[in-house]
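Listed here are the chains, written in short residue letters.
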Amino acid sequence: RRRYGPELPNHLHELADFGILTRDEVKKLAAYNNNLSESVWTWVAHIVSSLRKTGDIQDTMMLTYLMEKVNLGRSGAALIGAQMGTPIPVPYVHLLGFLVKV
């Protein structure tokens, strides 16, 4: 179960209070308010891409490695979001209840 549920946008300021995000980033997340965990991974991908453009990441293998890790994190966030948003079918719950009693 989500910690804040639908009240999450009201608690985003805590990320700025703890120094995790800037106030501007919190405003952007609050305005988007769709799948925030995937949005953060999109920001990380943009940061890695920006580092490549500025020349801070010169090796293509390192760029590939970092982008694979970013994609792994984003897909993990997407999987958790999909599982949290998918209800369990009632017949499955009944089957589990039956198996536990047997």
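I will try to describe carefully the structure that is included in this document. Note that the structure is predicted; figures quoted are calculated from it, not measured. (Residues numbered from 1 in each chain as written. Predicted model: local features only at pLDDT ≥ 70, side-chain atom pairs only at ≥ 80, totals over all residues. Heavy atoms only, no water.)

**Describing the overall build of the protein chain**
Okay, step 1: Summing up its helical and strand segments, the protein chain has six helices and zero strands in all.
Okay, step 2: Shown N-terminal to C-terminal, the secondary structure of the protein chain runs as helices and strands in the order α-α-α-α-α-α.
Okay, step 3: Taken against the 2.2 N^0.38 rule, which gives 13 Å for 102 residues, the C-alpha radius of gyration of the protein chain at 19 Å runs more than 25% over that of a compact globule.
Okay, step 4: Its C-alpha atoms give the protein chain principal-axis dimensions of about 65 × 35 × 20 Å.
Okay, step 5: Split into buried and exposed, the 102 residues of the protein chain put 16% on the buried side.
Okay, step 6: Considering only residue pairs separated by 6 or more positions, the protein chain has 31% of its internal contacts joining residues 24 or more positions apart.
Okay, step 7: Total accessible area on the protein chain stands at roughly 8200 Å², and carbon and sulfur atoms take up 62% of it.
Okay, step 8: Within the protein chain, one finds 11 positive and 9 negative side-chain charges whose respective centroids are separated by 7 Å. (Helix = DSSP H or I, 4+ residues; strand = E, 2+ residues; numbered from the N terminus. Rg over C-alpha atoms; globule rule 2.2 N^0.38 Å. Buried < 20%, exposed > 50% of the residue type's maximum accessible area, 1.4 Å probe, protein only. Contact = heavy atoms within 4.5 Å. Areas by Shrake-Rupley, 256 points an atom, 1.4 Å probe, with all protein chains shown as cover. Lys, Arg positive; Asp, Glu negative; His and termini not counted. Charge placed at Lys NZ, Arg CZ, Asp CG, Glu CD.)

**Digging into the nonpolar core**
Okay, step 1: Counting seven residues, the largest nonpolar core consists of Leu8, Leu12, Ala16, Leu21, Val26, Leu29 and Leu36.
Okay, step 2: Every residue in contact with Leu21, bar those within four places of it in the chain, is listed here: Leu15, Ala16, Val26, Leu29 and Trp43.
Okay, step 3: Counting five residues, the second largest nonpolar core, distinct from the first, contains Ala45, Ile57, Leu63 and Val70. (Core = buried A, V, L, I, M, F, W, Y, C linked by side-chain atoms within 4.5 Å.)

**A short note on the pattern of salt bridges**
Okay, step 1: Tallied over the full model, the rule gives three salt bridges.
Okay, step 2: Here Arg23 and Asp17 are joined by a salt bridge, their closest N and O atoms 2.9 Å apart.
Okay, step 3: You can call Asp17 partly exposed: its relative accessible area is 46%. (Salt bridge = Lys/Arg side-chain N within 4 Å of Asp/Glu carboxyl O.)

**Remarks on helix α5 (residues 60–85)**
Okay, step 1: Compared with an ideal rise of 1.5 Å per residue, which puts 26 residues at 38 Å, α5 spans 37 Å between its outermost C-alpha atoms and is within 8% of the ideal.
Okay, step 2: Considered for burial, the residues of α5 that qualify are Leu63, Val70, Gly73 and Ala77.
Okay, step 3: Where α5 is buried, its residues contact α4 (36–54). (Expected span 1.5 Å × (residues − 1).)

**Quick word on a nonpolar patch on the surface**
Okay, step 1: Taken together, the side chains of Ile88, Tyr92, Val93, Leu95, Leu96, Phe98 and Leu99 present a nonpolar region at the surface, about 700 Å² in accessible area.
Okay, step 2: The residue Phe98 is located in helix α6 (residues 90–101) in this model.
Okay, step 3: The exposure class of Phe98 is exposed, given its relative accessible area of 54%. (Patch = residues over 30% accessible without salt bridge, like charges linked within 9 Å, V, L, I, M, F, W, Y side chains within 5 Å.)

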